[in-house]
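Structural overview for review
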Amino acid sequence: MIARRRNGAARRVEISAQEVEEAVRLLQHVPIPEARQLRDKLAAVLRPVCNWASSRPGRYSNYPAWGPCGAFVDAPRERCVEHQWPLPADAADPFPDRCTVTLDEELEDSRWVHYSGGLRCPFDRRTGSDQCPHHDPRDIERCGHPVDDGGTCTTPQGVFACRDHQYARLAAFRSQLEQLPLTLGCSQCGATAGESCTSKSGRAVAFHKRRVSTSENLKKHEALSDTIRWLSL
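The structure displayed is predicted, hence computed values, not measured ones.

Thresholds applied
Residue indices follow the written sequence of each chain, beginning from 1 at its first position. Only residues with pLDDT of 70 or above have their local features reported here, since the model is predicted, and side-chain atom pairs are shown and tallied only from 80 upward, although totals for entire chains, interfaces and linings are computed over all residues. With hydrogens and water stripped out, all remaining heavy atoms of the structure feed into the side-chain values. In DSSP terms, a helix is any run of H or I states spanning at least four residues, a strand is any run of E spanning at least two, and both are numbered starting from the N terminus. Three labels apply to residues, based on accessible area from a 1.4 Å probe with only protein chains included: buried if under 20% of the type maximum, exposed if over 50%, partly exposed otherwise in between. Pairing of aromatic side chains requires ring centres within 6.5 Å, counting the rings of Phe and Tyr and the six-membered ring of Trp. Pairs whose planes differ by under 30 degrees are stacked, by over 60 edge-to-face, and all others tilted. Only lysine NZ and arginine CZ atoms are considered, and such an atom sits over a ring when it is within 6 Å of the ring centre and within 35 degrees of the ring normal. A carboxyl oxygen of Asp or Glu within 4 Å of a side-chain nitrogen of Lys or Arg is what we treat as a salt bridge. Lines fitted to C-alpha atoms define the axes here, with helix axes fitted over just the stretch in contact, and angles between the N-to-C directions of these axes take values from 0 to 180 degrees. When an angle is under 35 degrees it counts as roughly parallel; over 145 it counts as roughly antiparallel; between 65 and 115 it counts as roughly perpendicular; any other value is oblique. Should the near helix be turned anticlockwise from the far one by less than a right angle, the crossing is termed left-handed; should it be turned clockwise, right-handed. Should any heavy atoms of two residues lie within 4.5 Å, those residues are considered in contact. By the convention adopted, Pro, Cys, Tyr, Trp, Phe, Met, Ile, Leu, Val and Ala count as nonpolar, Lys, Arg, Asp and Glu as charged, and the other residues, Gly among them, as polar.

**Section: unusual backbone geometry**
A negative phi holds for most residues other than glycine; trans holds for most peptide bonds. A positive phi angle, near 65 degrees, is found at Arg77, a position not held by glycine. Tracing the backbone shows Arg77 in the loop between helix H2 (33-46) and helix H3 (110-116). By relative accessible area, which is 78% here, Arg77 ends up exposed.

Following this line, the structure appears as structure tokens:
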């Protein structure tokens, strides 16, 4: 809790839960709006919260990699719905369509943090499985980028692109998108597919606007744009 010194500077003070409870009780008898606001703030401090924390230490410290959660719950030492996983055998799953995998190393990736913020995978199960496309991938859902040993990367990417090869693939798809007008003819200068646009004097120039606009209506343009957006997540 923040208190003020005589000169107005802030300082922290320790107040026991019993003292906060007594303050809330006394503030109920003060009939002014400020007292009501303070009482509500103090009452929120007393509300029990989920204290789930990861058993895995952070990369650069001995503290838990995640936690404590801090979500409000109904009773002390109770976990919030998000952190009740894995559930007891006799408990119903509150998220029956969600992947059943408990996240751990995935949380080192900021994309997983953004979309889950917790313990359990946030994505829907794939048909016929209790896991999502990332945790139960098909062969076509793996990265496939060439690696040094002559093989291909097998990192699953049913949800997010492989982080190791994300930027190399992003550059390649952006290059394909930039060169897409080259697959069409140009109605302005008469260049055929595979030829660069030319000026009236015959000098090679950047793609004419008409040629670019026509390429933007192609289904391949839409597919490449969707892939680039996904790789940019």
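**Here we look at the packing of aromatic side chains**
Taken as a whole and assessed by the stated rule, the structure comprises five aromatic pairs. An angle of 45 degrees between the planes, with centres 6.1 Å apart, marks the rings of Tyr115 and Phe123 as tilted. Note on Phe123 and Phe160: the rings are 5.6 Å apart at their centroids and 80 degrees apart in plane angle, and the pair reads as edge-to-face. Of this pair, Phe123 sits in the loop between H3 and helix H4 (166-178) while Phe160 sits in the loop between H3 and H4, and the two are 37 residues apart along the sequence. A single burial state applies to Phe123 and to Phe160, both of which are buried. Through successive ring pairs, a cluster of aromatic residues spans Trp112, Tyr115, Phe123 and Phe160. Positioned over the ring face of Phe72 is Arg47, at 3.9 Å from the centre of the ring. Stacked on the ring of Phe95, the Lys or Arg Arg98 has its end atom at 4.5 Å from the ring centre.

**Section: the pattern of salt bridges**
Here the structure, examined in full by the defined rule, presents 11 salt bridges. Taking the shortest distance from any N to any O, the salt bridge between Arg126 and Glu141 comes out at 2.8 Å. Here Arg126, found in the loop between H3 and H4, pairs with Glu141, found in the loop between H3 and H4; they are 15 residues apart in sequence, far enough to count as distant. Side by side, Arg126 and Glu141 carry an identical accessibility label, which is buried. Notably, a salt bridge pairs Asp226 with Arg229, separated by 2.2 Å at the nearest N-O pair. Taken together, the residues Asp226 and Arg229, both in helix H6 (residues 219-231) and three residues apart, mark about one turn of the helix. A relative accessible area of 37% means that Asp226 is categorised as partly exposed. On the accessibility criterion, Arg229 (53% relative accessible area) is exposed. In the salt-bridge network here, residues are joined through shared partners; they are Arg56, Asp104 and Glu108.

**Some remarks on the packing of helix H1 (residues 17-27) against H2**
Their axes nearest at 9 Å, the elements H1 and H2 cross at an angle of 150 degrees. Here H2 runs roughly antiparallel to H1, going by the angle between their axes. Pair H1 / H2 crosses with left-handed handedness. Of the residues in H2, those touching H1 at Ala17, Val20, Glu21, Ala23, Val24 and Leu27 are Ala35, Leu38, Arg39, Leu42, Ala43 and Leu46. Among the residues forming the contact of H1 with H2, the class breakdown is 10 nonpolar, no polar and two charged.

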